[in-house]
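Topology and contacts: notes
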Amino acid sequence: MSRIGKRPIKVPAKVEVTVDGTKVIVKGPKGELSRQLPSQVTVSQEGEILQVTRRDDSRICRQMHGLSRTLVSNMVEGVSQGFQRRLEIQGVGYRAAVQGRNLVLNMGYSHQVQIVPPEGIQFAVENNTNVIVSGYDKEVVGNIAAKIRDVRPPEPYKGKGIRYAGEAVRRKAGKTGKGKK
């Protein structure tokens, strides 16, 4: 049995879960999420506990067991607490700002890069160089953070660009120039 798949999911008091066959709908203070799970797993609710079980021991059922449990767990955590990703901007003249709901990046291009958030995503900027992407859907938060990072990924020679908080960037030695003969 999958170690992740057999762990129960505790539902907080403010969260309401509805299971309709393979469709799971989770409502909470931050928002509402729904997901169609694969037919190889079933979700059962007993009070404040959700349990994900698989249909049989075939290979595809074993693969979907842990995945489905993690997806449901992320939905419950997202609508109750939310998720956030932090990004750091490094480089002279590189900065970020929030205008309305949009994120505006000055990254050394001839134009400003504007990123419009989808529904349920908020941007916050600290010290012009730290961007915080927050929302209740973990998948969307991660995709938007990756989209922001792709505007100017960190380069290996000087380390300039946008990186995730705590991300290690491998540095390379530059050209050494010609030595004396």
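Thresholds applied
- Residues numbered from 1 in each chain as written.
- Predicted model: local features only at pLDDT ≥ 70, side-chain atom pairs only at ≥ 80, totals over all residues.
- Heavy atoms only, no water.
- Pairing = 2+ DSSP bridges.
- Helix = DSSP H or I, 4+ residues; strand = E, 2+ residues; numbered from the N terminus.
- Axes fitted to C-alpha atoms, helices over the stretch in contact; angles between N-to-C directions.
- Core = buried A, V, L, I, M, F, W, Y, C linked by side-chain atoms within 4.5 Å.
- Buried < 20%, exposed > 50% of the residue type's maximum accessible area, 1.4 Å probe, protein only.
- Contact = heavy atoms within 4.5 Å.
- Phe/Tyr/Trp six-rings, centres within 6.5 Å; stacked < 30°, edge-to-face > 60°.
- Lys NZ or Arg CZ within 6 Å of the ring centre and 35° of its normal.
- Expected span 1.5 Å × (residues − 1).
- Arc of directions from axis to C-beta.
- Salt bridge = Lys/Arg side-chain N within 4 Å of Asp/Glu carboxyl O.

Regarding the sheet that holds strand S4 (residues 32-36)
With antiparallel pairing, three strands are arranged side by side in an open sheet as S2-S3-S4. The sheet is open, and its two borders are formed by strand S2 (16-20) and S4, each paired with just one other strand. When the angles between neighbouring strand axes are averaged without regard to direction, this sheet yields 10 degrees. In this sheet, strand S3 (residues 23-27) lies alongside S2 in antiparallel orientation, the contact comprising five bridges.

Remarks on the nonpolar core
In terms of nonpolar packing, the biggest core is built from 19 residues, with Leu-105, Val-133 and Ile-148 touching the most fellow members. Those elements giving two or more residues to this core turn out to be strand S7 (83-90), strand S9 (102-106), strand S10 (113-115), strand S11 (121-126), strand S12 (130-135) and helix H2 (138-149). Broken down by element, this core gets its largest block of residues, four residues, from H2. The contacts of Leu-105, once residues within four sequence positions are left out, are Ile-89, Arg-95, Ala-96, Gln-112, Val-113, Ile-115, Ile-148, Val-151 and Ile-162. Of all hydrophobic cores here, the second largest spans 17 residues; its members include Val-17, Val-24, Leu-33 and Val-41.

As for the packing of aromatic side chains
Throughout the structure, instances matching the rule amount to zero aromatic pairs. Stacked on the ring of Tyr-164, the Lys or Arg Arg-85 has its end atom at 4.3 Å from the ring centre.

Digging into H2
For H2, which comprises twelve residues, the first-to-last C-alpha distance of 17 Å matches the rise-based estimate of 16 Å (1.5 Å per residue) to within 8%. Every buried residue of H2 is listed here: Val-141, Ile-144, Ala-145, Ile-148 and Arg-149. For H2, the angular spread of buried residues about the axis comes to 140 degrees, placing them on one side.

Here we look at the pattern of salt bridges
As enumerated under the stated definition, the model contains six salt bridges in all. For Asp-56, the salt bridge goes to Arg-55, with nearest N and O atoms at 3.8 Å. Residue class for Asp-56 comes out partly exposed when judged on its relative accessible area of 34%.

A closer look at the sheet that holds strand S5 (residues 41-46)
An order of S1-S6-S5 is seen for the three strands of this open sheet, with the pairing classed as antiparallel. The open sheet has two edge strands with one neighbour each: strand S1 (9-10) and S5. Direction of pairing for S1 relative to strand S6 (residues 49-54): antiparallel, over a ladder of two bridges. Of the residues in S6, the one forming a bridge with Ile-9 is Leu-50. Docked against the sheet, helix H1 (residues 59-80) engages S1, S5 and S6, running at close to 160 degrees with respect to S6.

Considering the pairing of S4
Bridge analysis of S3 against S4 gives five bridges, and the strand direction is antiparallel. Within S4, the position partnered with Lys-27 by the bridge is Glu-32. The turn joining S3 and S4, which pair antiparallel and follow one another in sequence, is formed by four residues.

Digging into the pairing of S12
Sheet topology note: the S7/S12 ladder contains six bridges and is antiparallel. When the bridges of S12 are listed, Phe-83 appears paired with Gly-135. Here S11 pairs with S12 via six bridges, running antiparallel. Note that in S12 the partner of Phe-123 across the bridge is Val-133. Taking the residues that link successive antiparallel strands as the turn, the S11-S12 hairpin has three residues, and the phi of Asn-127 there is positive, at about 55 degrees.

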